[in-house]
Structure formats: structure tokens, C-alpha cells
Amino acid sequence: MFVFLSSLLYLLHSATSEDSWWGTTSIYQVYPLSLQDSDGDGFGDLQGIVARMGYFQELGIETIWLTPIYASPMKDFGYDVSNYLEINPIFGDIEDFKDMLNSAHEFGLKVLMDFVPNHSSSEHDWFKRSVANESPYSDYYVWVDPLGYDGATPIPPTNWLSKVRTSAWEWSEERQQFYYHQYQAAQPDLNYRNSLVVQEMKDILDFWLDLGIDGVRMDAVSHLIEDDKLIDEPPSNNPNAVDELDW
């Protein structure tokens, strides 16, 4: 994990003092879906952001941070990515993105993209292939055998909970294993013990950095690695707990 994060830091800035801007810059978080609609379809988009560059400049903003604009079924506001190298058509296309990026730089603004390395959408091609146990994607996600069976019902390997307070394990009938998800079941966690996954993420970062973005805001990095010993969370022993899942 340390090596991976160090690699990301290396990608995002060099050793020159000019690259210390991120430590003091003023950042405006942009949720593209609601900022401005440029084509009348009811959804904010990249050209809508272009139209607001003067507004950001007047506010004294130095950097804009875009929440996810990648291809996504939008079950979690874009934090469920189905393709890290494509723009969600709701927002436009890659040419619209380039226009937005060029416009920002013309106004003296830097651009950060939200980067979601912990998990993908269950609609990502990687996950579909992983469910099918297709090489080399078999271990792109965290797959574990059931602890046992309660009758015909598979028992999750641990008592771990997701952020939405349900089991963090989802059963796949096709693969006959559980997969781990720190968030929704539609957001399976990627397996960072797999060097191929690490390289995929480096390649994705290279793609966007080569297009000219100034950096990324990394989402949910505290959840990148899980205990491979699969030890249950201990009970809280709180006699007043109202949540039966209060470990």
C-alpha cells in the first residue's frame, strides 16, 4: 500500500517548488450535475462549467475540483465508475472535457479530478469478467468463499459491515463466492494485493494527467486494503446499544 500511494504522489508532482501550489490553493468543489445546464436537458454539464469560469475567477478561486464525471450508472452520484477512461454522456464527451480544461487554464485556474480507486461500479467490465472468473480479471476484486451454509444460504466470511450498515459481503450466484464492498453492493472493492490492479490505476492516472489535469482528489483511500486474516469485528459490549449490528 505504501509503495502504491508513494507512486501516486510521484505521478502528481515533481520535486520543483512550483508544484507546492496544492498546499495553499483555494479550492472550489464543483458538482457538475447541478452547476449549469448548457443544452437544456435538465442536467449540468462540462460546457456549463466552461460558462462559469469567469465566475470562479471573480470569486478569487484558484483551483476547481470536479466530483466524478466518469462513465457511471449514477447509483452513488458518479462514485460508482463503470469506465475510468470515459466521460459520462450526461456531462458531454472527451472533447467537451478538453474544452473545459483549456478554458480553466486560460482563466488561470487549476483543475483537480475526483479519483475513485477503492471500488468500481458492478457494471464495470472488469467486474463482469471477474464474476465470470475470467483471467486475468479473476482476482481484480476481493472474493472469498462462504464460511459455511445455513441450510442452503451461504454464510458471509466475517461480520464486517459496509458504510451503509449492511453486510459488507455480497453473494454471487454465478461465481459461488462472496465479494467485498465497503460501500453499496453495486460498488465492489478492488483488490490492491493484485499488482495488475495497481498498474491499471497508474495507467488511468497517466491518461488524465497526460491530458493536462493538475492533480486528483483521492476518494476513500482509507479503505484500499482490508485484513486478509478475515477476523470478525469484536462486539461493543454496550448494554445500551440500540443497533444490533453495533460491533
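The structure under discussion appears in the preceding block.
These remarks concern the structure in this document. Worth saying up front: this structure is predicted, and the values here are computed from it rather than measured.

Some points on the nonpolar core
By size, the foremost hydrophobic cluster in this structure holds 44 residues, and its most contacted members are Ile-49, Ile-64, Leu-66, Phe-97, Met-100 and Trp-126. Of all elements in the fold, only helix H3 (46–50), helix H4 (53–59), strand E2 (63–66), strand E4 (83–87), helix H5 (94–106), strand E5 (110–115), helix H6 (125–131) and helix H7 (195–211) reach the threshold of two or more residues within this core. The leading source of residues in this core is H7, at seven residues. If we skip the residues at most four places from it in the chain, Phe-97 touches Leu-46, Leu-66, Ile-69, Ile-87, Met-113, Trp-208, Leu-211 and Ile-213.

Examining H7
Its 17 residues give H7 an end-to-end C-alpha distance of 25 Å, which sits within 8% of 24 Å, the value for a rise of 1.5 Å per residue. Of the residues flanking the start of H7, the one acting as N-cap is Asn-194, its side-chain oxygen 2.8 Å from the backbone nitrogen of Leu-196. Residue Gly-212 follows H7 closely and has a positive phi angle near 115°.

As for H5
Between its first and last C-alpha atoms H5 spans 18 Å; for 13 residues at 1.5 Å apiece the expected length is 18 Å, and the two agree. For H5, the full list of buried residues reads Asp-96, Phe-97, Met-100, Leu-101, Ser-103 and Ala-104. Down the axis of H5, the smallest arc covering the buried residues is 165°, so these residues share one side. Looking at the buried residues of H5, the elements they touch are H3, H4, E2, E4, E5 and H7. One side-chain oxygen of the residue at the start of H5 lies 3.0 Å from the amide nitrogen of Glu-95, identifying that residue as Asp-93. Gly-108 lies just past H5 and shows a positive phi near 80°.

Procedures and definitions
Residues numbered from 1 in each chain as written. Predicted model: local features only at pLDDT ≥ 70, side-chain atom pairs only at ≥ 80, totals over all residues. Heavy atoms only, no water. Core = buried A, V, L, I, M, F, W, Y, C linked by side-chain atoms within 4.5 Å. Buried < 20%, exposed > 50% of the residue type's maximum accessible area, 1.4 Å probe, protein only. Helix = DSSP H or I, 4+ residues; strand = E, 2+ residues; numbered from the N terminus. Contact = heavy atoms within 4.5 Å. Expected span 1.5 Å × (residues − 1). Polar contact = N/O pair within 3.5 Å; in protein donor to acceptor, adjacent residues only side chain to side chain. Arc of directions from axis to C-beta.

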